[in-house]
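Coordinate inspection notes
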There are 2 protein chains.
Amino acid sequence: MATVNEITNRDVDFAKWYTDICRVAELIDYSSVKGSMIIKPYGYAIWENIQKILDKMFKELGHENVQMPMFIPESLLNVEKDHIEGFAPEVAWVTMGGNTPLEERYCVRPTSETLFCDHYKKIIKSYRDLPKLYNQWCTIVRWEKTTRPFLRSREILWQEGHTMHRTEEEARNETITMWHVYEKFQKEYLALPVIVGKKTEKEKFAGAEETYTIEAMMQDGVALQNGTSHYFGQKFAKAFDIEFLDQDNTMKTPYQTSWGVTTRMIGGLIMTHSDDNGLVLPPKIAPIQVIFIPIGKDEQVLNKIKDIINKLPETITTKIDLTDKSPGYKFAEAEVKGIPLRIDLGNRDLENNTVTLVRRDTLEKTTVSLENIEKTIQNTLEDIQNNLYKTAEERRNKMLHTAKNYEEFKKITNSLPGFIKINWCGEMACEEKIKDETGYKSRCILIDEKADGNCAICGKNGKHKIYFGKQY
Amino acid sequence: MATVNEITNRDVDFAKWYTDICRVAELIDYSSVKGSMIIKPYGYAIWENIQKILDKMFKELGHENVQMPMFIPESLLNVEKDHIEGFAPEVAWVTMGGNTPLEERYCVRPTSETLFCDHYKKIIKSYRDLPKLYNQWCTIVRWEKTTRPFLRSREILWQEGHTMHRTEEEARNETITMWHVYEKFQKEYLALPVIVGKKTEKEKFAGAEETYTIEAMMQDGVALQNGTSHYFGQKFAKAFDIEFLDQDNTMKTPYQTSWGVTTRMIGGLIMTHSDDNGLVLPPKIAPIQVIFIPIGKDEQVLNKIKDIINKLPETITTKIDLTDKSPGYKFAEAEVKGIPLRIDLGNRDLENNTVTLVRRDTLEKTTVSLENIEKTIQNTLEDIQNNLYKTAEERRNKMLHTAKNYEEFKKITNSLPGFIKINWCGEMACEEKIKDETGYKSRCILIDEKADGNCAICGKNGKHKIYFGKQY
């Protein structure tokens, strides 16, 4: 294993710190395939936890998993005009099957709206066939030029929900419901104090009527778009000629949504919670929540550890480090890998009926009684989870700024990292001016907060409160 | 839903019967993407059960999941000569990224030995890094010309284990262990009475030293290769220049295995257990094990059903059909979808303190007491699982033939479906003669049974007992 010495300090080079953590905590490795990463066992175990929790949330809401082809014939991708314009520049094209050139080239799916619509056209005939609540776990490909582990990669692991509904109201509810599922998951499990809102016309998904977004803020004040939920209206359904016979005996066009999150969330986890000593993971998503390090080789010590583990609820994942490495090396490894709670136990502890707890979030080391240790462990894990959220939220709040006019806006961009909130007229011209002149992109229009003044850029009537920020 | 009337009888057209079941039981659908299928929710739920069970078995043996890129640069695929010769004719080539032709073309992985070796070269330095026991759940692509649902498809869902070991003995043990994991899984969960053995030189995996195989026999006597485990020796490791410093301070080359099973197993399930009325699923793999059909709308009836479900162990998956379809329609649907046990309950049953059980395997209908119904349900499910295995085994045994000479062999191929066992000299010439003249391919060399006579084809010394058969 690599060590903490190989991790660049955040102050020195935040980008390098991030990739160092990815490598040193053994989450990823680079491959000979340009732009694609290898997700190593420890990184993949985080993704498996994410999948398990989200999949359960999806299924509880009635969603079903399916598997669509990974290829899309060019003619099928071309059916919806806005969609193809958004994706064509960045897809990978398969042009040969074995030694034979294909009659029609296929792209590797960059997203699967077209495939789902093609299928829905076949299987949706009557109002009885609705809603269709399908989800797919798969990988997608976007031929990015510059890539970074988890954040931007040619191949992305994700889930994509694609649903069809009888009424506009139902489809709009689904869009909002899944957006809140993502919000809840990221707040409660990933301990990310995300900001949620609606994308502007300029930033919405290619082909969508509305895009709702989850915006996380990294320690350096830069935004990470961490999940989106789209309302399509009847746009794709019309382009694909999908119709159903409604209860009133007339033919109608259904309403559609799609929603997705990716392994990018792991990047968000890292850049929110980790520190110069390595990865920090919230207990609810950590592959190993508690690591026990026996000091010495006494059988009594090992038995006591096993005894503690047996008394813990099965939901708590534990590991005993039985390798022949030195305790110091084991401590460093547990730290670099972000295991939430470390427990050291030796003969002397047994004599004193105590044990040493080391929290990864605060690096705090305490000696506690072995009496009721199971309860102490559970409480400490809960406390770590809550503390990580609170710490991230406090830091984020300090980086949420407000600008009354463009001068203030520019001054903040030059001096303070973070998001800037303004009143906005809703015109793309103002949004583009900010982007062109400062590099800040709109993050999201707030839903629960209305404009309370004129547009900070053009001075016309304010329509929305909106956040701007730099992004990954 | 489509109905049983749309299922062709097995006697009339076995191939059509199979695809009818796939469609009518709502396991798959065809797509606009030639050669690729859509796995529908009910079919995907079977795959999810397969994944859950196998993944647990793999992890209990110390395997870890990873994710490798889906693309392989041509130069990387070319490193091992036998391997590329085996796969090059059937891979899909990506030649364009967006609007730009690629400098080097990439194939979509047909299997990932080359990617794993490329990674192992980087991470295996010392004996302390061994063994590496990696597995990956993913899809692969092989550009097949003729395709059939689950059996042969351009895109295949599978898992591929790739392991590296310090010694030959350890690697050979791994190959055999995983082969037996597959055997155990298919016998115990899928209720498939599989035959296990070793592939011939001619039929082994491209690049492997030895391939161990799981051979299932379908109702029509045709073989389905249903999983393989390969021992590579040092072939790939040498081609990829992988070396480690051993405990004795010398550089050594590690030993390698790989092993995989695919969604093809679902095809094997269907063609082993199903009948002219539709799908038949073994309880241990069925997405829904018990379906309750309330007769009438009485609340008492529904409460009783809920009461029964609450008393069942959580491992038993149940569903109550609350749709407004007629009972007859519900019965037909449960039958076509192969739900192992149907339970009908109405007011009259409540009065008599009885309930009607309908087993999918035998179609037997019995009235049983509500007394201890939970235990009755559990016992019946177990009995269905065992009965499916026993029935399949008896049918298979009737289709296992022995031929002393080539004349007998040919006579059987002309009159009886199934596998034919012969003594074999081990020469490829005899194997090829059979294949060319009868269309029968070697299935597997038996491990526990030695030759007891001369080669049935050439009359020279018999080296092995071997099965031949037609295959899917």
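Relevant structure appears above.
Right, let's walk through the structure included here. (Residues numbered from 1 in each chain as written. Chains lettered and ligands numbered in written order. Predicted model: local features only at pLDDT ≥ 70, side-chain atom pairs only at ≥ 80, totals over all residues. Heavy atoms only, no water.)

Structural notes on the environment of Met70 of chain B
This is how the line gets drawn: Here a helix means four or more residues in a row that DSSP labels H or I, a strand means two or more in a row labelled E, and each is numbered from the N terminus. We call two residues in contact whenever any of their non-hydrogen atoms come within 4.5 Å of each other.
For Met70 of chain B, the location among the structural elements is in the loop between strand S3 (64-65) and strand S4 (71-73). As for Met70 of chain B and Ile373 of chain B, which are separated by 303 residues in sequence, their C-alpha atoms are 50 Å apart. Residue contacts for Met70 of chain B: discarding those within four places in its chain leaves Met70, Val108, Thr139, Val141 and Glu155 of chain A together with Cys107, Val108 and Arg109 of chain B.

Some details on the pattern of salt bridges
Between side chains of opposite charge, pairing is possible as soon as their charged atoms come close. Quick reminder of the rule: Salt bridges are defined by distance alone: a side-chain nitrogen of Lys or Arg within 4 Å of a carboxyl oxygen of Asp or Glu. Between buried and exposed lies partly exposed: a residue is buried under 20% and exposed over 50% of the maximum accessible area for its type, with that area taken using a 1.4 Å probe on protein chains only.
Scanning all chains against the criterion turns up 72 salt bridges over all chains. A salt bridge links Arg359 of chain A to Asp383 of chain A; its shortest N-O distance comes to 2.6 Å. A residue pair is termed long-range when its members are at least 10 positions apart, and Arg359 of chain A in strand S18 (residues 354-359) and Asp383 of chain A in helix H12 (residues 373-398) qualify at 24 residues. We classify Arg359 of chain A as buried; its relative accessible area is 11%. Overall, Asp383 of chain A belongs to the partly exposed group, its relative accessible area being 40%. For Lys199 of chain B, the salt bridge identified is with Glu215 of chain B, shortest N-O distance 2.8 Å. Taken together, the residues Lys199 of chain B in the loop between strand S9 (195-198) and strand S10 (210-217) and Glu215 of chain B in strand S10 connect sequence positions 16 residues apart. Like Glu215 of chain B, Lys199 of chain B is buried.

Comments concerning the relation of the copies chain A and chain B
The operation relating the two chain copies consists of a rotation about an axis and a shift along that axis. Using the following cut-off: We superpose the copies by least squares over the C-alpha atoms of residues that have a pLDDT of at least 70 in both of them.
Superposition record for chain A on chain B: RMSD 0.0 Å, screw rotation 180 degrees, translation along axis 0.0 Å. On the angle and the small slide along the axis, the relation comes out as a two-fold axis. It is Val94 of chain A whose C-alpha, among those of chain A, lies nearest the rotation axis, at 2.1 Å. By residue overlap, the copies meet face to face through one surface: 98% of the interface positions of chain A are interface positions in chain B.

Let's talk about the packing of helix H13 (residues 406-415) of chain A against helix H14 (residues 428-438) of chain A
Residues and elements named next belong to chain A. Selection criterion: Here an angle of 0 to 180 degrees is reported between the N-to-C directions of two axes, which are lines fitted to C-alpha atoms, with helices fitted over the stretch in contact. Two helices cross in a left-handed way if the nearer one is turned anticlockwise from the farther one by less than a right angle. They cross in a right-handed way if the turn is clockwise. Note on residue classes: Ala, Val, Leu, Ile, Met, Phe, Trp, Tyr, Cys and Pro are nonpolar, Asp, Glu, Lys and Arg are charged, and everything else, Gly too, is polar.
Put simply, H13 and H14 touch, their axes get as near as 12 Å, and they point 35 degrees apart. Between H13 and H14 the crossing geometry is right-handed. Contacts between H13 and H14 involve Tyr406, Phe409, Lys410 and Thr413 on the former and, on the latter, Lys433, Ile434, Glu437 and Thr438. Classifying every residue of the contact of H13 with H14 gives 3 nonpolar, 2 polar and 3 charged.

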